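# Descriptive structure summary
Spelled out from the first residue to the last, the chains are:
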Amino acid sequence: MEITWPSLGITVAAQLDERNPALAQCLWDALPYRSLQGHALVAGYHLYHVAPVHSLLHAPAEYRVDRRTVPDGTLFCSRLQHLGIKYGELTEPMAATPVGQVAEEDLDALIQAGREVWNAVYTTKEPVIAEVRRAGGDGGHVLPRLPIGDPQLNELVKDVHAETQRIWLDPPRELVDLHEGRIPSGAGSYETVLTTLLFVNGETRPLGYSCYGGLVRAALDGMPMPWLRQMTRQLAATPAEFLGYCGLDTLWDFTQRLLSGLERLDSHEDFISVMSHMALYCNCLGGWNLHLFPWQAGESLRAVRELV
């Protein structure tokens, strides 16, 4: 396949392999797609973006590695719905699931892409869009929609899907307003904005990664429906209400509609569909929040390297 960043004029070739065939197949079946390109902010020299692939939340992964130990150019798929690419040193000892490798002759181009994406995320805030496609194939983008039987909840999924599609490649107006200091509720003690942005980031990411992604996996593991409904109430309500207070009104509206219709969810299939769409929506919000966040505000805070 090919991964291209049109605004950077960079394209790399990559080969999927059999280390985690189910994950690789999920990715292959979803091609082509486009997504906002992100960059690791803690782990090191690592690119990642949200892939519009619901099955990445739960597809089996038989083979795991320490990301620090594998060659540069290794591709990973994760249950956070990420396609990741290592392009240099990583410091985080995280088990990861490799699915392929960037061609050796394209590693220099990959490093250049990594540096330019870091500059976009950390400094310029100019979005960089990645396109992933089959080698020699057409580009394009389709955001998948899962079926659901209940009419009321199907209407919710329809709206969540439409909103996710609307903000997939364009920043959500609510997040732009928040990052520019327009917060109708007045959130932010002594009129500070940075603290609110920090807390929004801290609540949005686990809402997608842990809450909704975890609920999908719990349903596939066979957790009884009454427990799933109760866990949804326990895990989703408080962070979504807080995020609504901070300005993410659409997310809070979707959450209230979901909670009010929970008793209508009486099948694991419908539950998985609804929670998968909520996960992808929250992960999309999280990606934009990480891109918009003013990381350069911490320019004076630099790691201290102890001399041995």
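Heads up: the structure comes first, above all this text.
The present account deals with the structure reproduced in this document. The structure displayed is predicted, hence computed values, not measured ones. (Residues numbered from 1 in each chain as written. Predicted model: local features only at pLDDT ≥ 70, side-chain atom pairs only at ≥ 80, totals over all residues. Heavy atoms only, no water.)

### Digging into the packing of helix α5 (residues 194-220) against helix α6 (residues 225-245)
As a packed pair, α5 and α6 sit with axes 10 Å apart at the nearest point and diverge in direction by 165°. As summarised for this structure, α5 and α6 are arranged roughly antiparallel, according to the angle between their axes. Every pair of crossing elements has a handedness; the one defined by α5 and α6 is left-handed. Counting all contacts with α5, which are made through F199, V200, E203, T204, L207, C211, Y212, L215, A218 and A219, the residues of α6 involved are L228, M231, T232, L235, A236, P239, F242 and L243. Counted by class, the contact of α5 with α6 contains 15 nonpolar, two polar and one charged residues. (Axes fitted to C-alpha atoms, helices over the stretch in contact; angles between N-to-C directions. Helix = DSSP H or I, 4+ residues; strand = E, 2+ residues; numbered from the N terminus. Parallel < 35°, antiparallel > 145°, perpendicular 65-115°, else oblique. Left-handed = near helix turned anticlockwise from the far one by under 90°. Contact = heavy atoms within 4.5 Å. Nonpolar A, V, L, I, M, F, W, Y, C, P; charged D, E, K, R; others polar.)

### As for the pairing of strand β1 (residues 2-5)
The pairing of β1 with strand β2 (residues 10-16) spans four bridges and is antiparallel. Bridge assignment links T4 to a residue of β2, and that residue is T11. Here three bridges tie β1 to strand β11 (residues 129-133), and the two strands are oriented antiparallel to one another. Residue E2 lies in a different strand from β11, and its bridge partner there is R133. (Pairing = 2+ DSSP bridges.)

### Thoughts on the sheet that holds strand β10 (residues 98-102)
If you trace the nine strands from one edge of the open sheet to the other, you get β3-β11-β1-β2-β10-β7-β8-β5-β4, paired in antiparallel fashion. The two strands at the open ends of the sheet, each matched to only one other strand, are β3 (33-36) and β4 (38-39). Strand direction decides the pairing type here: strand β7 (residues 74-77) and β10, joined by three bridges, are antiparallel. The residue of β10 that forms the bridge with T74 is Q101.

### Here's the deal with the environment of A103
With respect to the helices and strands, the residue A103 is situated in the loop between β10 and α2 (107-124). The sequence separation of A103 and Q15 amounts to 88 residues, and the corresponding C-alpha distance is 7.2 Å. A103 has contacts with A13 and A14, leaving out every residue within four places of it along the chain.

### A short note on helix α3 (residues 151-167)
Taking 1.5 Å as the rise per residue, α3 with 17 residues should run 24 Å; its terminal C-alpha atoms sit 25 Å apart, in good agreement. Looking at the buried positions of α3, the neighbouring elements they touch are α7 (249-260) and α8 (268-292). Capping the start of α3 is the job of one residue whose side-chain oxygen sits 3.1 Å from the backbone nitrogen of Q152: D150. (Expected span 1.5 Å × (residues − 1). Polar contact = N/O pair within 3.5 Å; in protein donor to acceptor, adjacent residues only side chain to side chain.)

### Brief notes about helix α1 (residues 21-30)
In an α-helix, one full turn covers 3.6 residues, which means residues spaced three or four apart are oriented alike. Taken residue by residue, α1 has L23, A24, C26, L27 and A30 as its buried positions. Summarising the axial view, the buried residues of α1 lie within an arc of 155°, below the 170-degree limit, and thus occupy one face. On its buried side, α1 packs onto β2, β3, β7, β8 (82-90) and β10. (Buried < 20%, exposed > 50% of the residue type's maximum accessible area, 1.4 Å probe, protein only. Arc of directions from axis to C-beta.)

### With respect to the environment of R173
By the element assignment, R173 lies in helix α4 (residues 173-179). In this structure the C-alpha to C-alpha distance between R173 and E163, which are ten residues apart in sequence, comes to 11 Å. Sequence-distant contacts of R173, that is, excluding residues within four places in its chain, are made with E180 and R182.

### Describing the environment of M275
With respect to the secondary-structure elements, M275 resides in helix α8. In this structure the C-alpha to C-alpha distance between M275 and T232, which are 43 residues apart in sequence, comes to 9.3 Å. For M275, the residues in contact, after removing those within four places along its chain, are Y212, L215, V216, T232, L258, L262 and L265.

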